Amino acid sequence: MPEPQVTVNGQARPLAGVPVHTNVLDLLRGLGLTGAKEGCAEGECGACAVLVARPDGAGTRWTPVNACLVPAAALDGQEVVTAEGLGSPGNLHPVQAELAVRGGSQCGYCTPGFVCSMAAEYYRADRASLADPDAGPDPEHGPNGFDLHAIGGNLCRCTGYRPIRDAAWALGAPVPGDPLAERQSGPAPAPVATRLDGFARPADLAEALSLLAEHPDATVVAGSTDWGVEANLRGRRAAYVVAVDRVPELRGLSTDGPDGPGGALEIGAALTLSEVERGLGDSVPLLAQVWPLFASRLIRNSATIGGNLATASPIGDLAPALLALEARLVLASADGDREVPLAAFFTGYRTTVLRPGELVRSVRVPTPLARLTTFRKVAKRRYDDISSVAVGAAFDVVDGTVVRARIGLGGVAATPLRALRTEAVLEGRAWGEETVEEAATVLASEGTPIDDQRASAAYRSAMLGNALRAWWADLAGQEVAR
Ligand SMILES: Cc1cc2nc3c(=O)[nH]c(=O)nc-3n(C[C@H](O)[C@H](O)[C@H](O)COP(=O)(O)OP(=O)(O)OC[C@H]3O[C@@H](n4cnc5c(N)ncnc54)[C@H](O)[C@@H]3O)c2cc1C
Ligand code: FES
Ligand code: FES
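Residues numbered from 1 in each chain as written. Chains lettered and ligands numbered in written order. Predicted model: local features only at pLDDT ≥ 70, side-chain atom pairs only at ≥ 80, totals over all residues.

Enquirer: I keep staring at the sheet that holds strand S6 (residues 194-196) and nothing clicks. Help me out?
Expert: Whenever strands of a sheet pair, they do so through backbone hydrogen bonds, lying parallel or antiparallel. A sheet is described by the order of its strands in space; here four strands give the open sequence S6-S7-S9-S8, paired in mixed fashion. Looking at the sheet topology across the chains shown, the edges are occupied by S6 and strand S8 (219-221). Each neighbouring strand pair of the sheet contributes to a mean axis angle of 15°, computed without reference to strand direction. By the bridge criterion, two bridges tie strand S7 (residues 199-201) to strand S9 (residues 241-243) in an arrangement that is parallel. Paired with Phe199 across the strands is Val241, a residue of S9. (Pairing = 2+ DSSP bridges. Helix = DSSP H or I, 4+ residues; strand = E, 2+ residues; numbered from the N terminus. Axes fitted to C-alpha atoms, helices over the stretch in contact; angles between N-to-C directions.)

Enquirer: Even after reading the chapter, I still don't get the site of ligand 1, so can you show me in this structure?
Expert: In the vicinity of ligand 1 lie 34 residues, with Gly43, Gly223, Ala295, Gly307 and Asn308 positioned nearest. Among the elements of the structure, S8, helix H9 (227-233), helix H13 (305-310) and strand S16 (359-366) are those that each provide at least two residues to the shell around ligand 1. Among the elements that line the shell around ligand 1, the one with the most residues is H13, at four residues. Here the shell around ligand 1 is built from residues that sort into 18 nonpolar, 12 polar and four charged. Residues lining the shell around ligand 1 come from more than one domain, with at least three contributed by each of domain 1 (1-188) and domain 2 (248-367). (Near = placed C-beta within 6 Å. Nonpolar A, V, L, I, M, F, W, Y, C, P; charged D, E, K, R; others polar. Domains from an automatic or database assignment.)

Enquirer: I keep staring at the domain arrangement of the chain and nothing clicks. Help me out?
Expert: It is common to report an interface's size as the accessible area lost on association of the parts. Considered domain by domain, the chain is made up of domain 1 (1-188), domain 2 (248-367) and domain 3 (372-475). Of note, the centres of domain 2 and domain 3, computed from C-alpha atoms alone, are 21 Å apart. Opposite the 24 residues of domain 2 that make contact, domain 3 presents 24 residues. Elements supplying a minimum of two residues to the side of domain 2 that touches domain 3: helix H11 (285-290), helix H14 (318-324) and strand S14 (346-348). Take the side of domain 2 that touches domain 3: its biggest share by element is six residues, from H14. Class assignment of the residues belonging to the side of domain 2 that touches domain 3 gives a composition of 18 nonpolar, four polar and two charged. (Contact = placed C-beta atoms within 7 Å.)

Enquirer: Help me out: how do you make sense of the environment of Ser461 in this one?
Expert: Along the chain, Ser461 falls in helix H17 (residues 457-475). Spatially, the C-alpha atoms of Ser461 and Pro94 are 49 Å apart, while their sequence positions differ by 367 residues. Residues within four places of Ser461 in sequence aside, it is in contact with Ala444, Ser445 and Pro449.

Enquirer: Can you walk me through the nonpolar core in this structure?
Expert: A general trend in soluble globular proteins is that nonpolar side chains are found buried together. Among the nonpolar cores identified, the biggest contains 140 residues, and Val50, Ala67, Ala119 and Val244 are the most heavily contacted of them. With eight residues, helix H4 (residues 111-123) is the single largest residue contributor to this core. (Core = buried A, V, L, I, M, F, W, Y, C linked by C-beta atoms within 7 Å. Buried ≥ 20, exposed ≤ 12 C-beta atoms within 10 Å, placed from the backbone.)

Enquirer: Would you mind showing me how to read the packing of helix H3 (residues 94-101) against H4 here?
Expert: Helix packing for two helices is described by the angle between their axes and how far apart those axes are. At a minimum axis separation of 9 Å, H3 and H4 run at an interaxial angle of 125°. Here H4 runs oblique to H3, going by the angle between their axes. Relative to H4, the crossing made by H3 is right-handed. In this structure, H3 contributes Pro94, Val95, Gln96 and Leu99 to the contact, and H4 contributes Thr111, Phe114, Val115, Met118, Ala119 and Tyr122. Its residues assigned to classes, the contact of H3 with H4 shows eight nonpolar, two polar and no charged. (Parallel < 35°, antiparallel > 145°, perpendicular 65-115°, else oblique. Left-handed = near helix turned anticlockwise from the far one by under 90°.)

Enquirer: Would you take a moment to explain the packing of helix H16 (residues 433-443) against H17 for this structure?
Expert: Packing of H16 against H17 brings their axes to within 7 Å, and their N-to-C directions diverge by 160°. One element, H16, and the other, H17, form an angle in the roughly antiparallel class. Every pair of crossing elements has a handedness; the one defined by H16 and H17 is right-handed. Of the residues in H17, those in contact with Glu433, Val436, Ala439, Ala440, Thr441 and Leu443 of H16 are Leu464, Gly465, Leu468, Arg469 and Trp472.

Here you go:
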């Protein structure tokens with residue numbers, strides 16, 4: 001087995017001897033690469049952002065991630081580029097140059113993180129093709145195709161965002177010979193099996209399961225966006241870490257399912273949300289509504305779909321959406337696979353039916369999908385905030401009658417749950433204002449919401465009912481019967 005190492009700005013850096021709880025940010029800063037900063041240590045500020053070479057089809061995508069959350073050991077065999085690797089004072093990268101001349105940096109604390117998020121967008125292969133210099137003003141996209149959501153996970157406390165946006169929208173296309181642009185046409189580094197003191201990256205599912213059997217006290221990590229916060233802010237330490245984010249059997253995306261063509265969408269548990277978003281495109285409209293509201297691009301580049309469900313947060317965003325879609329989970333263990341409905345997966349506050357040594361392998365979404373779907377997230381900020389309440393809904397309306405209604409809720413009980421009483425009120429009824437009003441009243445009484453710092457119980461209940469009313473209002477005048 002080769003010596004564990006990560007390539008940083010083109011230079012191999014050994015990982016042997018790096019303590020298992022050292023994150024990528026601390027590793028880099030210990031190497032003297034002090035551009036990336038620690039602002040929050042919990043994935044909120046983006047001051048620590050760096051670029052990682054991740055697979056994108058046969059090529060590579062420069063993908064920005066929060067270095068404060070990722071264990072250094074998880075980057076064995078990978079390539080990282082930091083702000084220092086993009087340019088130097090005498091030879092600024094175009095992103096750095098634009099930020100400098102447009103006043104996009106004052107104290108500079110946030111700047112290296114912005115530089116990395118912006119560089120990823122600068123190199124995004126389809127950015128230029130989306131550019132439309134003749135398009136009218138678009139608050140979220142520049143005339144060069146730059147998507148401002150790319151920097152939604154980067155905070156700046158002193159400059160103000162307009163000069164940063166000006167810099168982003170002034171960027172041209174990479175020039176011929178740009179080494180990072182050229183690197184994208186080659187394959188990303190293949191995952192390597194890693195063994196470090198207290199840390200293992202298995203080569204495949206069989207090895208992952210046998211490691212879990214050998215180490216019953218092991219902590220499974222995927223994108224580490226939950227685990228990294230636990231380790232940084234709550235000082236949690238794992239006896240042994242098994243990283244499953246590159247296990248090939250957990251990274252498939254198929255529209256056929258195992259039972260034949262068209263039976264189900266199957267989404268590998270270790271795919272990041274950004275990968276699922278790109279892989280599904282608009283084919284699952286309900287999920288397409290979730291992505292922009294889920295954390296930031298930086299978090300979605302690491303967070304996995306399996307991690308979001310296995311962590312069993314009552315305010316996780318994917319559970320309400322996937323409950324509405326009647327998703328099922330494939331769980332893998334040494335005894336083989338079993339399938340459980342997502343509705344039966346959560347057993348209590350942050351507990352699930354997962355047995356020791358068992359992994360979430362994939363999420364199955366039955367098809368055909370319901371025709372009428374929505375996702376409503378109530379939070380204190382529109383973007384990059386955790387839900388107070390979330391509602392996913394998937395209905396089929398035939399000849400003006402609701403023939404199937406599925407509603408998933410988050411934030412109103414110890415677990416995500418289905419709104420079964422509301423579904424019963426809706427099914428078989430005419431799809432109209434009277435039914436919606438009656439159902440909204442019942443929906444407001446679902447769950448057992450509590451008062452906490454995010455919202456009061458009364459507010460949460462009111463928001464449930466209003467989610468249905470608001471959806472109805474948005475649909476007004478649209479032909480929904482098929
Ligand atoms: C700044 C920030 C913003 C966030 N915003 C949101 C948000 O808007 N909405 C939201 O829902 N969440 C949000 N989160 C939470 C988090 O990003 C998600 O829960 C994420 O999807 C977890 O996935 P992960 O791969 O990073 O999990 P990890 O942190 O790697 O693991 C989380 C848990 O899942 C277990 N696990 C992971 N994969 C598997 C598997 N295949 N099988 C069995 N167990 C597994 C791990 O053992 C661990 O207990 C946010 C987090 C941060 C830090
Ligand atoms: S230090 Fe704030 S996101 Fe990493
Ligand atoms: S320039 Fe000071 S925080 Fe952004």
